[in-house]
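Chain by chain, the residues:
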Amino acid sequence: MALASTVKVVLGSIAFAIFWVLAVFPAVPFLPIGRTAGSFLGALLMVVFRVLTPDQAYASIDLPILGLLFGTMVVSIYLERADMFKYLGMMLSWKSKGAKDLICRICLISAISSALFTNDTACVVLTEFVLKTARQHNLPPHPFLLALASSANIGSSATPIGNPQNLVIAVQSKISFGNFLIGILPAMLMGVFVNALILICMYWKLLSIQKDEEDVAVEVFSEEEMNSHRFSPATLSHNSQEWNSRLELMAVQSPPHLSGNMGHVEALRNRAISSETEIQKDPIVTLDSARNSNASKEAAKDVSTQVKEETIPSKRVASMDRLRDALSVRSSEGKEDFTTKWKKLLWKSCVYLVTIGMLIALLMGLNMSWTTITAALALVVLDFEDARPSLEKVSYSLLIFFCGMFITVDGFNRTGIPSTLWDLMEPYSRIDHVSGIAILAIVILVMSNLASNVPTVLLLGARVAASTAAISAADEKKAWLILAWVSTVAGNLSLLGSAANLIVCEQARRAPQFGYTLSFWSHLKFGVPSTLIVTTIGLALIR
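Residues numbered from 1 in each chain as written. Predicted model: local features only at pLDDT ≥ 70, side-chain atom pairs only at ≥ 80, totals over all residues. Heavy atoms only, no water.

*Asks:* Could you clarify how one ought to interpret the overall build of the protein chain in this entry?
*Replies:* For the protein chain, the helix and strand inventory stands at 24 helices and 0 strands. Looking at the protein chain residue by residue over its 543 residues, the buried ones come to 45%. Sequence separation of 24 or more characterises 78% of the internal contacts of the protein chain that already satisfy a separation of 6 or more. As presented, the protein chain carries roughly 27700 Å² of accessible surface, and 66% of it is formed by carbon and sulfur atoms. (Helix = DSSP H or I, 4+ residues; strand = E, 2+ residues; numbered from the N terminus. Buried < 20%, exposed > 50% of the residue type's maximum accessible area, 1.4 Å probe, protein only. Contact = heavy atoms within 4.5 Å. Areas by Shrake-Rupley, 256 points an atom, 1.4 Å probe, with all protein chains shown as cover.)

*Asks:* I'm lost on the state of the cysteines in this one. Help?
*Replies:* Linking two cysteines covalently through their sulfur atoms gives a disulfide. Tallying each qualifying case throughout the model produces 0 disulfides. Of all cysteine sulfurs, the one in C107 lies closest to C104, which takes part in no disulfide; the gap is 6.6 Å. Residue classification places C104 among the partly exposed positions, given a relative accessible area of 37%. (Disulfide = S-S within 2.5 Å.)

*Asks:* Explain the side chain of T415 here, please?
*Replies:* Within the secondary structure, T415 is located in the loop between α18 (396-414) and α19 (417-425). Each residue touching T415, except ones within four places of it in the same chain, is listed here: A2, L3, A4, K8, V9, G12 and V51.

*Asks:* How do you make sense of the packing of aromatic side chains when you look at a structure like this?
*Replies:* The geometry of an aromatic ring pair is captured by two quantities: the separation of the ring centres and the angle between the planes. If you walk through the whole model with that rule in mind, you get 7 aromatic pairs. With 4.2 Å between their ring centres and 10° between their planes, F16 and F412 make a pair best called stacked. Linking F16 in helix α1 (residues 6-24) with F412 in helix α18, this pair joins segments that are 396 residues apart in sequence. You'll find F16 and F412 in the same group, each marked buried. Relative to W347, the ring of Y78 lies with its centre 6.5 Å away and its plane at 55°, an arrangement referred to as tilted. (Phe/Tyr/Trp six-rings, centres within 6.5 Å; stacked < 30°, edge-to-face > 60°.)

*Asks:* How should I be thinking about helix α9 (residues 164-173) in this particular structure?
*Replies:* Along an α-helix, a turn takes 3.6 residues, which lines up residues three or four apart on a common side. For α9, the tally of buried residues reaches 9 of 10 residues, placing the bulk of the element in the interior. Among the residues making up α9, those that are buried are P164, Q165, N166, L167, V168, I169, A170, V171 and S173. One or two positions beyond α9, positive phi appears at K174, with a value near 60°.

*Asks:* Any chance you could explain α19 here in plain terms?
*Replies:* Considered for burial, the residues of α19 that qualify are P418, S419 and W422. For α19, the arc enclosing every buried residue in end-on projection is 95°, short of the 170-degree limit, so these residues lie on one face. Residues of α19 that are exposed and angled more than 90 degrees away from the buried face: L421 and L424. Those residues of α19 that are buried lie in contact with α18, α20 (434-451) and α21 (453-469). (Arc of directions from axis to C-beta.)

*Asks:* Help me understand the confidence of the model for the protein chain in this model?
*Replies:* Predicted coordinates in areas of low pLDDT are best not read in detail. Averaged over all residues, the pLDDT of the protein chain is 78; the fraction at 70 or higher stands at 76%. Between residues 212-305, whose pLDDT stays under 50, and residues either more than four places distant or in other chains, the model counts 61 contacts. (pLDDT = per-residue confidence, 0-100.)

*Asks:* Would you take a moment to explain the environment of G404 for this structure?
*Replies:* By the secondary structure assignment, G404 is in helix α18. Separated by 343 residues in the primary sequence, G404 and I61 place their C-alpha atoms 8.2 Å from one another. Once you skip the residues sitting within four places of it in the chain, G404 turns out to touch S39, F40 and A43.

*Asks:* Looking at this structure, I do not really get the pattern of salt bridges. What am I missing?
*Replies:* If charged atoms from side chains of opposite charge come close, those side chains can pair. As enumerated under the stated definition, the model contains 6 salt bridges in all. Across the salt bridge formed by D101 and R105, the nearest N and O atoms sit 3.0 Å from each other. Taken as a pair, D101 and R105 lie in helix α6 (residues 99-117) at a separation of 4 residues, close to a single helical turn. Note on R105: relative accessible area 17%, which makes it buried. It is possible to trace a salt-bridge network through shared partners that takes in D83, K86 and K348. (Salt bridge = Lys/Arg side-chain N within 4 Å of Asp/Glu carboxyl O.)

*Asks:* How do you make sense of a nonpolar patch on the surface when you look at a structure like this?
*Replies:* A cluster of nonpolar side chains, contributed by M190, F193, L197, I533, I537 and L541, occupies part of the molecular surface with about 490 Å² of accessible area. Where the nonpolar patch is concerned, the elements lending two or more residues are α10 (177-202) and α24 (520-541). Assignment of secondary structure puts M190 in helix α10. (Patch = residues over 30% accessible without salt bridge, like charges linked within 9 Å, V, L, I, M, F, W, Y side chains within 5 Å.)

*Asks:* I would appreciate a short explanation of the nonpolar core in the present structure.
*Replies:* Generally speaking, a soluble globular protein has its nonpolar side chains buried in company with each other. In this structure, F144, F402 and W485 are the most contacted members of the largest nonpolar core, which totals 129 residues. Here this core takes 11 residues from α10, the largest share from any one element. In this view, F144 contacts A99, L102, I103, I106, V130, A134, L139 and L207; residues no more than four positions away in its chain are not counted. (Core = buried A, V, L, I, M, F, W, Y, C linked by side-chain atoms within 4.5 Å.)

*Asks:* What exactly am I supposed to notice about empty space enclosed by the protein here?
*Replies:* To locate leftover empty space, one rolls a probe as large as a water molecule over the atoms. Applying the stated criterion to the full structure yields 1 cavity of 30 Å³ or more. For the largest cavity, the calculated volume is near 50 Å³. Around the largest cavity sit T72, V75, S76, L79, L116, F117, T118, I161 and M358, which together line it. Ranked by residue count, the leading element in the lining of the largest cavity is helix α4 (residues 63-81), at 4 residues. For the lining of the largest cavity, the per-class residue count stands at 6 nonpolar, 3 polar and no charged. (1 Å grid on protein atoms, 1.4 Å probe; cavity = no way out; pocket = protein on both sides within 12 Å on 5 of 7 lines; lining within 4 Å. Points joined across faces, edges and corners; volume = space filled by probe spheres on them. Nonpolar A, V, L, I, M, F, W, Y, C, P; charged D, E, K, R; others polar.)

*Asks:* In this structure, what is going on with the environment of A15? I would like to understand it.
*Replies:* You can see A15 is positioned in helix α1. As for A15 and L44, which are separated by 29 residues in sequence, their C-alpha atoms are 8.6 Å apart. Once residues within four sequence positions are removed from consideration, A15 is found in contact with G42, L45, M46, F49 and T408.

*Asks:* In this structure, what is going on with the side chain of S467? I would like to understand it.
*Replies:* Tracing the chain through its elements places S467 in helix α21. Residue S467 is classed as buried on the basis of its relative accessible area, which comes to 11%. In this structure the side chain of S467 is engaged in a polar contact, spanning 2.9 Å, whose partner is the backbone oxygen of V464. Apart from residues lying up to four places away in sequence, S467 is in contact with W422 and E426. (Polar contact = N/O pair within 3.5 Å; in protein donor to acceptor, adjacent residues only side chain to side chain.)

*Asks:* I keep staring at unusual backbone geometry and nothing clicks. Help me out?
*Replies:* Glycine aside, negative phi is the norm for most residues, and most peptide bonds take the trans geometry. Despite not being glycine, R50 shows a phi value in the positive range, around 65°. Mapped onto the elements of the fold, R50 is located in the loop between α2 (34-48) and α3 (54-60). One non-glycine residue, T118, lies in positive phi territory at about 75°. Assignment of secondary structure puts T118 in the loop between α6 and α7 (119-136). Judged by its relative accessible area of 14%, T118 falls in the buried class.

Here you go:
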């Protein structure tokens, strides 16, 4: 494609530059409006500068990608409500055999969850579990946070629903879910293994620190916290008011035979009270009987005996009524708890079955966008509640960001600059030679860290596929998979290379009681060798 007019090239480049700056540095001092507004501003400038017409801007928005992204987000939200990620977090510390075993577990669980539920979701929900588990083992969280973020990026490369750039590639290339998975899965598995090995070698001394004996009690208590709280550290109160409330709760919720004993004690207490009352009244009766005859004394005794016989049964009846009420309340609460428990268990089972059905449908080659949307709506209906609280958790700002990015990138493509640059690189980037694959991988790696991975895929995808389609259909598929693999693993190079890295960093910094700051340089020290080694090994395994 030839270059457009000079005015269109200049204005289109300005609009794209504004989008790029705000996408890579969302908090720039001169315009701190963020990524979402930045992409929307870039799209608007493309139309205002007449690089695109309004109709062309609307046509550039890829609705299947937006539908697939929306569906996966809704499914992930309902899986979170069904405690799927809580169970994954519990697996981190279940029968752990030390720090090195923990590194391997984090890498594996993070990779699998990212492949199935997107890398961003996995990082959001697992970061606090990783921090808590590292604290249990008295270890610095730095290597474990790196394991989480880097393995999430590597694992997300295996499926079209693992990350946004794979969504774009799957829709544009029309590669089925199964073929996509088979093509990258060997590279992903080997990449996760090598990544864990690099982490263990780099942080061998830190991971060899033995846990103190006093940490065992902390570990047991924290495990209970993990089971009872969702994605937040638990707190324990020891004040007397809570202890008293627990005693009252035990009194109400005691078993029937204990309730009967308590009712008997209460009846005895009532008898004692009535006896004390009578003892207090006895001196007066004695003084009166001293003045009267023996007959009047016997009459008074008969009257007091009759009063006792009438009082004690009434007390027993009252205590029995209270006991009966307590037992009825307890039985009704037990029935309600039993019913609620089974309803929740049935609902969780339905969520898991719908998710498994969605994955099976994707493996069968059904339309990915409509499959995920159907699964999302099925979960909404099965919930049988107002869906607004769940739908409010969808990242609509991300959907708007994608809309603006589609328009901005399409406008930049129409300037002719990307095509001109690719024409210069194409003779050296042919994937039927090892040197060509290496050059193509370097171009994707650099662009993914400079322009972010999704814009890189949008700019290079069609051109790389067109140049390899002339060789063979198999090479075209391989080119798409190489683009998916390199653009995803490239996110491990630096802290700013992937949204998953930033999520882990921010979640770790804000975590209450477990806060930790992951610095840019500490990430870069691990990211550069890991990215280069894992990318190279994966390229040899992609078919």
